Amino acid sequence: MPQKTNLNISPYYDDFKKDNNFYRVLFNPGKPVQARELSTLQSILQDQIETFGSHMFKEGSMVIPGNINYNDAYSAVKINPDHLGIDVTVYTKQLHGKKLRGQSSGVVAIVDDCFFPTDGPEYTDITLYVNYTTSGDDNEVSSFEDGEILILEDTITYGNTTITSGETVATLISEDATATSSIVSVGQGVFFVRGTFVNVSDSKIILDPYTNTSSYRVGLTILEEIVSAKDDKSLYDNAKGFSNFAAPGADRLKISATLSKKAINDYDDKTFVELIRIDNGEIK
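Since this is a predicted model, take the numbers as computed values, not measurements.

Visitor: An account of the overall build of the protein is needed here, citing residue identities and associated values.
Guide: Looking only at helices and strands, the protein has one helix and 21 strands in total. Rg of the C-alpha trace for the protein: 26 Å, well past the compact-globule value of 19 Å for 284 residues, more than 25% over. Principal-axis analysis of the C-alpha atoms gives the protein an extent of 85 × 50 × 30 Å. Expressed as a percentage of its 284 residues, the buried residues of the protein come to 36%. When contacts within the protein are restricted to residue pairs at least 6 apart in sequence, long-range pairs at least 24 apart make up 67% of them. Surface summary for the protein: the accessible area is close to 16,300 Å², and the carbon and sulfur share equals 49%. Looking at charge distribution, the protein has the averaged site of its 25 positive side-chain charges lying 13 Å from that of its 40 negative ones.

Structure follows, in structure tokens:
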């Protein structure tokens, strides 16, 4: 599937047509080089890459492993918005990667992520996503308890304030404080998309915040955009080792691939490439 962006417009006028069977642009001495010819030259080469790639890979294929993973045991913990009179949102982000211990249960967990009600209507409370590492003191309890106080096992600093190991940092809500959700993640890799080998960075997406019986199509949303020097300062001429803001360079066609989810019955794939399908919590 070739790119969707039409470049046969002003000021590019890339009029490459596959049916013409032109495979080289042959420049001649004494004839000025046209911007159209430089654009067409790239299109000819891109068409060759796309033809080969389409023979070897299907649309959305992983070329360099990006390690697509599905985890249906992603633990959510809902906490109160304040603790000891302090708004917990001022330091919640600093808890990433830190260990928390339940004061009454003794359960230990590492914070993996955090979301707030402002992140979307699906988040009813401030929610920590954690990976449990140690069961409770009785070796039976495996998750935090409703209303439990969380003790910090590592030191964190926010602004001019430091919270040291052993101090309390949050309190779970009194009812239904814990839940199990599911998450899909993709590691850094290269995917064959629209005839191009596109880089995809590490990313993850939570399917539903408090349940692991979700049904979604998960894949890459493809965005094509034309970037000019006004959008990206690095496109100004740097022939003398610095950006010359009086000499903007050529525009670029940028293709981005972002991990996203769609309803399982939504088949509008104009800008979407499916990687994995989850139906009622199971991979299909």
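Visitor: So what about the sheet that holds strand S19 (residues 252-263)? Which residues, and what values?
Guide: Ordered by their spatial adjacency, four strands build an open sheet running S19-S16-S20-S21, and the pairing between neighbours is antiparallel. The open sheet has two edge strands with one neighbour each: S19 and strand S21 (282-283).

Visitor: Summarise a nonpolar patch on the surface; cite the residues concerned and give the values.
Guide: Where nonpolar side chains cluster on the molecular surface, the patch consists of Phe 27, Val 33 and Leu 38 and spans about 270 Å² of accessible area. Looking at where Val 33 falls in the secondary structure, it is placed in the segment before helix H1 (35-56).

Visitor: Lay out the sheet that holds strand S13 (residues 189-193) in plain terms, naming residues and giving numbers.
Guide: Spatially, three strands are ordered S1-S13-S14 in an open sheet, and the strand pairing comes out antiparallel. Here the strands that pair on one side only, and so sit at the sheet edges, are strand S1 (61-64) and strand S14 (196-200). Taking each pair of neighbouring strands and ignoring which way they run, the sheet shows an average axis angle of 40 degrees.

Visitor: Explain the nonpolar core to me, and be specific about the residues and the numbers.
Guide: One finds Ile 79, Leu 100, Leu 128 and Phe 144 to be the most contacted residues of the largest nonpolar core, which totals 25 residues. Of all the secondary structure elements, the ones that give two or more residues to this core are strand S2 (69-79), strand S6 (108-115), strand S7 (126-134), strand S8 (149-152), strand S9 (156-158) and strand S11 (168-171). Those residues in contact with Leu 128 that sit more than four places away from it in its chain are Ser 75, Ala 76, Val 77, Ile 79, Thr 92, Leu 100, Val 111, Asp 113 and Cys 114. Counting residues in each nonpolar core, the second largest holds 18 residues, with Tyr 70, Phe 191, Val 198 and Leu 220 among its members.

Visitor: Lay out the pattern of salt bridges with the relevant residues and their values.
Guide: The full count for this structure, using the stated rule, is eleven salt bridges. The closest approach of N and O atoms between Arg 194 and Glu 224, which form a salt bridge, is 2.9 Å. Here Arg 194, found in the loop between S13 and S14, pairs with Glu 224, found in strand S16 (residues 216-227); they are 30 residues apart in sequence, far enough to count as distant. An identical accessibility class is assigned to Arg 194 and Glu 224; each is buried. The salt bridge partner of Lys 284 is Glu 282, with a shortest N-O separation of 3.7 Å.

Visitor: So what's going on with H1? Residues and values would help.
Guide: Compared with the 32 Å implied by 1.5 Å per residue over 22 residues, the 32 Å span of H1 between its first and last C-alpha is a close match. If you follow the buried residues of H1, they end up packed against S13 and S14.

Visitor: Now, about the packing of aromatic side chains: what can you tell me, with residues and values included?
Guide: Evaluated as defined, the whole model comprises eight aromatic pairs. Between Tyr 74 and Tyr 129, the ring centres sit 4.9 Å apart and the planes meet at 5 degrees, which makes this aromatic pair stacked. Of the two residues, Tyr 74 is situated in strand S2 and Tyr 129 in strand S7; the sequence distance between them amounts to 55 residues. Exposure remark for Tyr 74: the relative accessible area of 3% places this residue in the buried category. Where Tyr 91 meets Tyr 158, the ring centres are 5.3 Å apart and the plane angle is 40 degrees; that geometry is what we call tilted. Taken together, the positions of Tyr 91 in the loop between strand S4 (86-87) and strand S5 (99-102) and Tyr 158 in strand S9 put the pair 67 residues apart, joining distant regions of the chain. Each member of the pair, Tyr 91 as well as Tyr 158, is classed as buried.

What counts, and at which threshold
Throughout this description, residue numbers start from 1 for each chain and increase along the sequence as written. Under the rules for a predicted model, residues below a pLDDT of 70 receive no local features and side-chain atom pairs below 80 are neither given nor counted, while totals for whole chains, interfaces and linings still include all residues. To get the side-chain values, take all heavy atoms of the structure and skip hydrogens and water. Helical segments are the DSSP runs of H or I of at least four residues, strand segments are the runs of E of at least two, and each set is numbered from the N terminus. Just to be clear, the radius of gyration here is over C-alpha atoms, and the globule rule we use is 2.2 Å times residues to the power 0.38. Only protein chains enter the accessibility calculation, which uses a 1.4 Å probe. A residue is then buried if its area is under 20% of the maximum for its type, exposed if over 50%, and partly exposed in between. Every residue pair with non-hydrogen atoms within 4.5 Å of one another is taken to be in contact. Surface accessibility follows the Shrake-Rupley procedure with a 1.4 Å probe radius. Residue values consider only the protein chains on display as shielding. Positive charges are assigned to Lys and Arg, negative charges to Asp and Glu, while His and the chain termini are left out of the count. Charge positions are represented by NZ for Lys, CZ for Arg, CG for Asp and CD for Glu. The criterion for strand pairing is that DSSP finds at least two bridges linking the strands in question. A patch consists of residues exposed above 30% relative accessible area that lack any salt bridge, with like charges linked at up to 9 Å and nonpolar side chains (Val, Leu, Ile, Met, Phe, Trp, Tyr) linked at up to 5 Å. Salt bridges are defined by distance alone: a side-chain nitrogen of Lys or Arg within 4 Å of a carboxyl oxygen of Asp or Glu. Between N-to-C directions, angles cover 0 to 180 degrees, with each direction set by a line fitted to C-alpha atoms, over the stretch in contact for helices. Residues belong to a common nonpolar core when they are buried Ala, Val, Leu, Ile, Met, Phe, Trp, Tyr or Cys residues joined through side-chain atoms within 4.5 Å. One fewer than the residue count of a helix, multiplied by 1.5 Å, yields its expected span. Pairing of aromatic side chains requires ring centres within 6.5 Å, counting the rings of Phe and Tyr and the six-membered ring of Trp. Pairs whose planes differ by under 30 degrees are stacked, by over 60 edge-to-face, and all others tilted.

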